[in-house]
Amino acid sequence: MQDVDIKTADGVMDAKLFQPEGSGPWPAVIMLTDAFGVRPVFEQMARRLSKSGFVVLLPNVFYREAPASKLELKGTFHDEAFRKRIYALIGTLTPDRLKADAGAELDFLFRQPFVKGPKAGVAGYCFSGGLAVRMGADFPDRIAAVASSHGGRLATDSPESPHRLLNQVKAELYFGHADQDNAMPADAIRTLEAALKDAGVKYRSELYPGAQHGYAVPGTPQFNAEVAETHWTRIEDLFGRTLKA
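Bear in mind that the values here come from a model prediction, so they are computed numbers and not experimental data.

Caption draft 1: Looking closely at the overall build of the protein. The secondary structure content of the protein amounts to seven helices and eight strands. Against the 2.2 N^0.38 benchmark of 18 Å for 245 residues, the protein shows a C-alpha radius of gyration of 17 Å, consistent with a compact globule. By its C-alpha atoms, the protein is 45 × 40 × 35 Å across when sized along the principal axes. In the protein, which comprises 245 residues, the proportion classed as buried is 54%. By sequence separation, contacts in the protein at least 24 residues apart represent 72% of the contacts at least 6 residues apart. For the protein, the exposed surface amounts to about 11,200 Å²; the carbon and sulfur share of it is 48%. In the protein, 29 side chains carry a positive charge and 30 a negative one; their mean positions are 3 Å apart.

Caption draft 2: How the structure looks around helix α4 (residues 95-111). Relative to the 24 Å expected for 17 residues at 1.5 Å per residue, α4 spans 24 Å between its end C-alpha atoms, a close match to the ideal helical length. Along α4, the positions that sit buried rather than exposed are Leu98, Asp101, Ala102, Gly103, Ala104, Glu105, Leu106, Phe108 and Leu109.

Caption draft 3: Examining the layout of surface pockets more closely. Roughly 1,600 Å³ of volume is contained in the largest pocket. At the level of elements, α2 (68-71), α3 (80-91), α4 and α5 (128-138) are the ones that each hand at least two residues to the lining of the largest pocket. The greatest single-element share of the lining of the largest pocket, amounting to four residues, is contributed by α3. Here the residues of the lining of the largest pocket sort into 21 nonpolar, 20 polar and nine charged.

Caption draft 4: How the structure looks around the UniProt feature "domain: Dienelactone hydrolase" (unreviewed entry) in the protein. Summarizing the sequence annotation, UniProt attributes the feature "domain: Dienelactone hydrolase" (unreviewed entry) to residues 13-242 in the numbering used throughout. What you have in residues 13-242 is 38% helix and 24% strand, and the ends, taken at the C-alpha atoms, are 27 Å apart.

Caption draft 5: Representation of the pairing of strand β1 (residues 2-8). Pairing of β1 with strand β2 (residues 11-18) involves seven bridges; the strand directions are antiparallel. Counted as the bridge partner of Lys7 is Val12 from β2.

Caption draft 6: Structural view of the pattern of salt bridges. Taken as a whole, this structure holds 15 salt bridges when the rule is applied. Of the charged contacts in the structure, one is a salt bridge between Lys16 and Glu43, with a shortest N-O distance of 4.0 Å. With Lys16 in strand β2 and Glu43 in helix α1 (residues 40-51), this residue pair connects regions lying 27 residues apart in the sequence. The residues Lys16 and Glu43 share a single accessibility class, namely buried. A salt bridge links Glu172 to Lys202, with the nearest nitrogen and oxygen atoms 3.9 Å apart. Taken as a pair, Glu172 in strand β7 (residues 172-180) and Lys202 in the loop between α6 (186-199) and β8 (203-212) lie far apart in primary sequence, 30 residues in all. Taking relative accessible area as the criterion, Glu172 reaches 13% and is therefore assigned buried.

Caption draft 7: Looking closely at the environment of Ala100. Within the secondary structure, Ala100 sits in helix α4. In sequence terms Ala100 and Ala171 are 71 residues apart; their C-alpha atoms lie 19 Å from each other.

Caption draft 8: Structural context of the nonpolar core. Counting 56 residues, the largest nonpolar core has Leu57 and Leu109 as its most contacted members. For this core, the leading source of residues is α4, giving six residues. What Leu109 contacts, discounting residues up to four positions off in sequence, is Leu17, Ala28, Ile30, Val55, Leu57 and Val115. Counting residues in each nonpolar core, the second largest holds 31 residues, with Tyr125, Ala216, Trp232 and Leu243 among its members.

Conventions adopted
Residues numbered from 1 in each chain as written. Predicted model: local features only at pLDDT ≥ 70, side-chain atom pairs only at ≥ 80, totals over all residues. Heavy atoms only, no water. Helix = DSSP H or I, 4+ residues; strand = E, 2+ residues; numbered from the N terminus. Rg over C-alpha atoms; globule rule 2.2 N^0.38 Å. Buried < 20%, exposed > 50% of the residue type's maximum accessible area, 1.4 Å probe, protein only. Contact = heavy atoms within 4.5 Å. Areas by Shrake-Rupley, 256 points an atom, 1.4 Å probe, with all protein chains shown as cover. Lys, Arg positive; Asp, Glu negative; His and termini not counted. Charge placed at Lys NZ, Arg CZ, Asp CG, Glu CD. Expected span 1.5 Å × (residues − 1). 1 Å grid on protein atoms, 1.4 Å probe; cavity = no way out; pocket = protein on both sides within 12 Å on 5 of 7 lines; lining within 4 Å. Points joined across faces, edges and corners; volume = space filled by probe spheres on them. Nonpolar A, V, L, I, M, F, W, Y, C, P; charged D, E, K, R; others polar. UniProt positions renumbered as here; feature names shortened; annotations may be inferred. Pairing = 2+ DSSP bridges. Salt bridge = Lys/Arg side-chain N within 4 Å of Asp/Glu carboxyl O. Core = buried A, V, L, I, M, F, W, Y, C linked by side-chain atoms within 4.5 Å.

Listed below in C-alpha cells is the structure:
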C-alpha cells in the first residue's frame, strides 16, 4: 500500500493505492467506501482484492472536506447530529463533481506503468453503490465492470437516481442486495431490475436473505461473514472476467 495524491479540478484528492506482488501490469479497480470513509477495514478489503491480481485505488471521496486521516467519521446513524453531518457530506458530491473526480482517478491509474488498460472496474458499498453506477454511465468506454454491494437509494423518484443512468452504461453490472435494508426495499429492487432489463445491459442482481445493510464490511454489527464471502466470490469473478481477458 502507498499513499498517493491525485490532482483534481478542485484540489488534491488523497487516496491509497494497492498492487499485487510481482511486476505486472495488472487491471485496475476503484474501490469506493461506504459513508464512513477510508479507514483500516476498507484498506484490508482493498488489499484482499489486490491479492486477487488487481491494482486497487481507494480514494477519499470527501477530500474537499479534509484528508481521510482528519475526517474522523466515527459515530452511528442513531445519532442525529452525526447523521446530519454524513448526509451533508454526501450532498456535496454533485454529479459534476463526481464525474470530474472519477475522470481524475482514471487518468491517474492509467498513467501508472503497472496498470493494464484500457478499462477499469469500480466497486461501491452502501451509498457509493450509486456512485459506482454513475461512474459507469459517465465513462462507458473506460469502465468495464460495476459492482454494488448493499447499495442504497439506487432507484428513487429523484431525477438523478442511479437507475435512470443505466442506458448510458456499457459495463457488466453486479448488485448484491440485503433483504433487511430500508435504503433499498423490495419495490426499489424491482424498479432497478426493470431499468436494467430495459437498458439491455449484462447484469446480475441478487437478494441475500437474512442480510442487513452493511453485510460486506467487517467490524460492523451488520457484518455477515457468509454473505460477505459470497460477495467476494461475485466481485472477483466479475472483475476477473471483464478486466483480465
